[in-house]
Amino acid sequence: MNDNSDRRNPLHPSRRSETRVVTAGRDPASYHGFVNPPVYHASTVLYPTAEDYVAHRARYQYGRRGTPTTEALEWALQELEGPNCAGVALLPSGLAAISTALLSVVHAGDHLLVSDSAYTPARNFCDKILTRLGVTTTYYDPLIGGAIAELCRPNTRAVYLESPGSLSFEMQDVPAIAQAAHGKGVIVLMDNTWASPLYYRPLDAGVDLVIQAGTKYIGGHSDVMLGTVSANNAALASLKDTVRLSGLCEGPDDVYLGLRGLRTLAVRLDRHYKSGLAVARWLEQRPEVLRVLHPAMDSHLGHAIWKRDFTGACGLFSIVLKPVSQTAVYAFLDALELFGIGASWGGYESLAIPFDCTPTRTATRWAPGGPTVRFHIGLEAVDDLIADLERGFAALAAAARG
Ligand SMILES: *Cc1c(COP(=O)(O)O)cnc(C)c1O
C-alpha cells in the first residue's frame, strides 16, 4: 500500500551517519517547505467516491495503517539501518517491538533459542505467552558463538540475541551466530538498543529482524514509550502482516517525539559515549570496585568483539563492587544526588540501580564476585558526576563501618 517511494529521500550510504540522522526521511516539499512533518492526529481517511472506498484506492486508508508522520520516522530509521533494511515497523514500546518481532516468526510447535543475557521481560514473554501457544524456548550462553548450531533442533525457528546484555554486558559474536543459524535455516533476531544503528548495524551482519527500544536513546528525553523493528527483505512481509493484523500502532505525538529525538541522536550518543567511558575509567581505579563491565574498555571480556564490530558505545555499563553489605550498597545509591534511581535509560539524565541476574539465569551462572550496580551516564558534566560518586563512596564506607 505504502508504495509511494518516490517521495522518499534517496539512500545515501556514502554519507556519514551523523549526516544521515539529520537528513533521513525528510521531505519538506510535501509539507509546504516546513522542515518537519506535521503531526497527523488521524483515524478516518475520506475517499472521493464509493468506488474508491471499496477498492481501497487511496494513498492512506486509516489512521492505524500509517500516516505521513509515522512514515517519516519509519523511513528515517530505514536509512540509518543501511541498505539491508527493507522496512521498519513502529510499536508502542520496546517490549511490544520484541513480542511483535517474535510473533512474526513463530508457529505452534516451534523451538526458540534466546540468549541467557536477554532483557528479562523478553524472557517473560517467551516463558508466559509463547509457551501457551506451543512454542518452547531454550536459553543459551551468550558467549556461544558459532556453536549455536549444536543447539538447533529440527523445529528451531529462530535465535534471539541481545548484545551487549543490558545488565551484564556480555558481547555476542553476532556474525558467527547469524551465519551458523542461517546454515540451519533459522531466523535471527537481535535487540540492538544499546548500540543503536549509529554504532552497530546488525542487518549487515546477517540479522533478519532488529529491535530497538526507541524509548531509550531515540526518544532521548525520558518522555516517550516507543519501539521499532527493522527487517530485511526476507522478514519484512510477515512483520508488517503481524503488526497490521494485531492492530498495533504508535500514537502520533510519540512518533513525533521519536523523530525529534532522532535528529540529535549522533551528538547525544557521542557525549554519552565519551562521558560514560570517562566515568567507567574513574570507577575502575576505585578501591571499592572489583570490576567494570564496559565493552569499550580493554579489561572487558568482550572487548575484541566490540572493537571488531561496533563503532561506539552508549552511556550504559555496570560495575561489580568488592563484597559489601546490601545496606552499604543502598547507602551508596541513596547518597547520590545527580544519579536518579529508576528503570530505563537513554535519557539526558544519569541513573544508577542495583541489580542481580542470579534469579533469572538458567543457562549460565551469574557469580560476579560482589554486588552489582548499573549506571546510565547522562549529559551532565563528568566532573560533577564523579564528585557525586565520591559522595556515594563516602556513604558506602560509613555504612560498611556500621
Ligand atoms: C528498555 C528496554 C527494552 C524495552 O523497552 P520499553 O520501551 O521500556 O518497553 C527492550 N530492550 C532493552 C535492551 C531495553 O533496555
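This structure is a prediction, so every number in the text was calculated from the model and none was measured.

Basis of the calculations
Residues numbered from 1 in each chain as written. Predicted model: local features only at pLDDT ≥ 70, side-chain atom pairs only at ≥ 80, totals over all residues. Heavy atoms only, no water. 1 Å grid on protein atoms, 1.4 Å probe; cavity = no way out; pocket = protein on both sides within 12 Å on 5 of 7 lines; lining within 4 Å. Points joined across faces, edges and corners; volume = space filled by probe spheres on them. Helix = DSSP H or I, 4+ residues; strand = E, 2+ residues; numbered from the N terminus. Nonpolar A, V, L, I, M, F, W, Y, C, P; charged D, E, K, R; others polar. Domains from an automatic or database assignment. Buried area = accessible area lost by both parts, 1.4 Å probe. Salt bridge = Lys/Arg side-chain N within 4 Å of Asp/Glu carboxyl O. Polar contact = N/O pair within 3.5 Å; in protein donor to acceptor, adjacent residues only side chain to side chain. Buried < 20%, exposed > 50% of the residue type's maximum accessible area, 1.4 Å probe, protein only. Arc of directions from axis to C-beta. Contact = heavy atoms within 4.5 Å.

(A) Spotlight on the layout of surface pockets. Reported here for the second largest pocket is a volume of approximately 570 Å³. As for the second largest pocket, its lining consists of 38 residues, and the residues nearest its centre are Y119, P121, S166, K216 and R374. Elements supplying a minimum of two residues to the lining of the second largest pocket: helix 4 (94-103), helix 5 (120-130), strand 6 (209-213) and strand 10 (351-355). In terms of residue class, the lining of the second largest pocket is built from 17 nonpolar, 13 polar and eight charged. Counting residues domain by domain, the lining of the second largest pocket receives three or more from each of domain 1 (4-260) and domain 2 (265-401).

(B) Up close: the domain arrangement of the chain. Domain annotation for the chain reports domain 1 (4-260) and domain 2 (265-401). A straight line from the C-alpha centre of domain 1 to that of domain 2 covers 28 Å. The largest contributions to the domain 1 side of the interface with domain 2 come from W194, Y199 and Y217, which together make up 27% of the buried area. For the pair domain 1 and domain 2, the number of links is two salt bridges. Notably, a salt bridge pairs E170 with R361, separated by 3.0 Å at the nearest N-O pair. Run the count over domain 1 and domain 2 and you get 20 residue pairs in polar contact (both at pLDDT 80 or more). Going through the elements one at a time, helix 1 (17-23), helix 5, strand 3 (136-140) and helix 7 (196-199) are the ones with two or more residues in the side of domain 1 that touches domain 2.

(C) Molecular detail of helix 6 (residues 174-183). What helix 6 keeps buried is the set V174, I177, A178, A180 and A181. Each buried residue of helix 6 lies within a common arc of 170° when the element is viewed along its axis, so the set occupies one face. Opposite its buried face, helix 6 presents the exposed residues Q179 and G183, each directed more than 90 degrees away. Buried-residue contacts for helix 6 involve strand 4 (156-162) and strand 5 (187-191). Downstream of helix 6 by one or two residues, G185 has phi in the positive range, about 75°.

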